[in-house]
Amino acid sequence: MGVAIIGGTGLTTLENLEITHREVVHTPYGEPSGPITHGILHGREVLFLARHGYGHTIPPHRVNYRANIWALQHLGVDRLFAVAAVGGIGNAMKPARIAFPDQIIDYTWGRNHTFFEDDLAHVTHIDFTYPYDDAMRQLLIEAAREAGIDAVESGTYGATQGPRLETAAEIQRLQQDGCDLVGMTGMPEAALARELGMAYATSAVVANWGAGLQPEPISMADIERHLEDGMDRVKQLLGALIPSL
Ligand code: HPA
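Values in this document were obtained by computation on a predicted structure and should not be read as measured data. (Residues numbered from 1 in each chain as written. Predicted model: local features only at pLDDT ≥ 70, side-chain atom pairs only at ≥ 80, totals over all residues. Heavy atoms only, no water.)

Caption draft 1: Here's a closer look at the packing of aromatic side chains. The final tally for this structure, using the stated rule, is two aromatic pairs. With a centroid separation of 5.1 Å and an interplanar angle of 70°, the aromatic rings of Tyr-29 and Phe-115 are classed as edge-to-face. A residue pair is termed long-range when its members are at least 10 positions apart, and Tyr-29 in the loop between strand E2 (18–23) and strand E3 (36–41) and Phe-115 in the loop between strand E7 (103–106) and helix H2 (134–146) qualify at 86 residues. Classification of Tyr-29 as partly exposed rests on a relative accessible area of 27%. An angle of 15° between the planes, with centres 6.2 Å apart, marks the rings of Tyr-132 and Tyr-200 as stacked. (Phe/Tyr/Trp six-rings, centres within 6.5 Å; stacked < 30°, edge-to-face > 60°. Helix = DSSP H or I, 4+ residues; strand = E, 2+ residues; numbered from the N terminus. Buried < 20%, exposed > 50% of the residue type's maximum accessible area, 1.4 Å probe, protein only.)

Caption draft 2: A look at empty space enclosed by the protein. What the rule picks out here adds up to one cavity of 30 Å³ or more. Taken as a whole, the largest cavity spans an internal volume of roughly 50 Å³. Around the largest cavity sit Leu-14, Glu-15, Asn-16, Leu-41, His-42, Lys-235 and Leu-238, which together line it. Of the residues assigned to the lining of the largest cavity, the class counts are three nonpolar, two polar and two charged. (1 Å grid on protein atoms, 1.4 Å probe; cavity = no way out; pocket = protein on both sides within 12 Å on 5 of 7 lines; lining within 4 Å. Points joined across faces, edges and corners; volume = space filled by probe spheres on them. Nonpolar A, V, L, I, M, F, W, Y, C, P; charged D, E, K, R; others polar.)

Caption draft 3: Quick peek at the environment of Thr-167. Position of Thr-167 relative to the elements: it lies in the loop between strand E9 (156–159) and helix H3 (168–177). Measuring from C-alpha to C-alpha, the distance between Thr-167 and Ile-223 comes to 17 Å, with 56 residues separating the pair along the chain.

Caption draft 4: Layout of the environment of Lys-235. Tracing the sequence through the fold places Lys-235 in helix H5 (residues 220–241). With near-sequence residues (within four places) excluded, Lys-235 lies in contact with Leu-11 and Glu-15. (Contact = heavy atoms within 4.5 Å.)

Caption draft 5: Spatial organisation of the packing of H2 against H5. At a closest axis distance of 8 Å, the pairing of H2 and H5 adopts a crossing angle of 105°. The angle between H2 and H5 falls in the class roughly perpendicular. Residue-level inspection shows Leu-139, Leu-140, Ala-143, Ala-144 and Glu-146 of H2 in contact with H5, the latter providing Leu-237, Ala-240 and Leu-241. Grouping the constituent residues of the contact of H2 with H5 by class yields seven nonpolar, no polar and one charged. (Axes fitted to C-alpha atoms, helices over the stretch in contact; angles between N-to-C directions. Parallel < 35°, antiparallel > 145°, perpendicular 65-115°, else oblique.)

Caption draft 6: Representation of the site of the ligand. Around the ligand, the structure places Ala-85, Val-86, Gly-87, Leu-165, Glu-166, Val-182, Gly-183, Met-184 and Asn-208. Here a nitrogen atom of the ligand and a backbone polar atom of Gly-87 are 3.4 Å apart. Note that a nitrogen atom of the ligand is positioned 2.7 Å from one of the side-chain N or O atoms of Asn-208. When the free accessible area of the ligand is taken as 260 Å², the share hidden by the protein chains comes to 92%. When atom positions are compared with the pocket grids, the ligand is found to occupy the largest pocket. Looking at the shell around the ligand, the element that brings in the most residues is strand E5 (residues 77–88), giving three residues. When the residues that make up the shell around the ligand are grouped by side-chain class, the tally is five nonpolar, three polar and one charged. (Near = heavy atom within 4 Å. Polar contact = N/O pair within 3.5 Å; in protein donor to acceptor, adjacent residues only side chain to side chain. Areas by Shrake-Rupley, 256 points an atom, 1.4 Å probe, with all protein chains shown as cover. Sits in = over half its atoms within 2 Å of the grid points.)

Caption draft 7: Expanded view of the layout of surface pockets. Empty space within the largest pocket amounts to approximately 540 Å³. In terms of lining, the largest pocket is formed by 31 residues, of which the most central are Thr-9, Pro-60, Ala-85, Leu-165 and Met-184. Of all the secondary-structure elements, those providing two or more residues to the lining of the largest pocket are E5, strand E10 (181–183), strand E11 (199–209) and H5. Its residues assigned to classes, the lining of the largest pocket comprises 17 nonpolar, eleven polar and three charged. When its volume is computed, the second largest pocket comes out at roughly 180 Å³. For the second largest pocket, the full set of lining residues is Tyr-107, Trp-109, Thr-160, Gln-161, Gly-162, Arg-164, Glu-166, Glu-170, Arg-173 and Leu-174. Across the lining of the second largest pocket, the residue classes tally to three nonpolar, three polar and four charged.

Caption draft 8: Structural view of the pairing of E5. Across the twelve residues that make up E5, a large majority, ten, are buried. By the bridge criterion, five bridges tie strand E1 (residues 2–7) to E5 in an arrangement that is parallel. Paired with Ile-6 across the two strands is Ala-82, which belongs to E5. Where E5 and E11 come together, ten bridges link them in parallel fashion. Pairing of Val-86 across the sheet is with Val-206, part of E11. Two strands pair when backbone bridges link them, and E5 and E10 are joined in this way by two bridges, in the antiparallel orientation. Bridge pairing in E10 links Gly-87 to Val-182. (Pairing = 2+ DSSP bridges.)

This is a description of form; function is not addressed.
Spelled out as structure tokens, the structure:
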């Protein structure tokens, strides 16, 4: 069973990963965000891919989600742990905290969001009632408890188009819709993984309060500081998670 980690903003490399090699994969959907990194993490073989490219140059709406997911599946991955920076909306979603969302609302548009559109033998509708894999979420929850990480164990992720941050009114609307978190990369990534039958779960790291939820403007310096704290915790989390797989 192959395990992969997709790293988001703030996690373009995994320090503890003993890299064995990097593999370029060409896909029918174009090029992934970069070569796939093969290595050993906490004693287990793991694949890693930086969602925005290893130099963090690909904005959320330009990520080739189909190529990334296809390439990982092609290399035998059937369990995919995503890490993603988000804005906090719900009261519990304080900057630098980690959350394991259990639901998604998709506000993105114009992205290549399905494998099921061309050359179909029949029209296919995946079941996406529960967008994240429950067994993988439980593993994350248990790993966080074991590592003593104060994580929020559920929440609804609102996926926005980006790359700009939201307006205050947009965040209010997301709040009314029931979103606890807001991010730009959760979709179509989760749906594409489901389409290819891969188990998928996300560790979201809160970088900032959503627009309008704090009196001062959102600063990149604050985002970077919170992400650094949060990603340190993600690394601890992986230290507990990976040996349990
Ligand atoms: N909105 C959307 N995506 C994000 C944010 C945000 O406030 N912070 C980090 N990713």
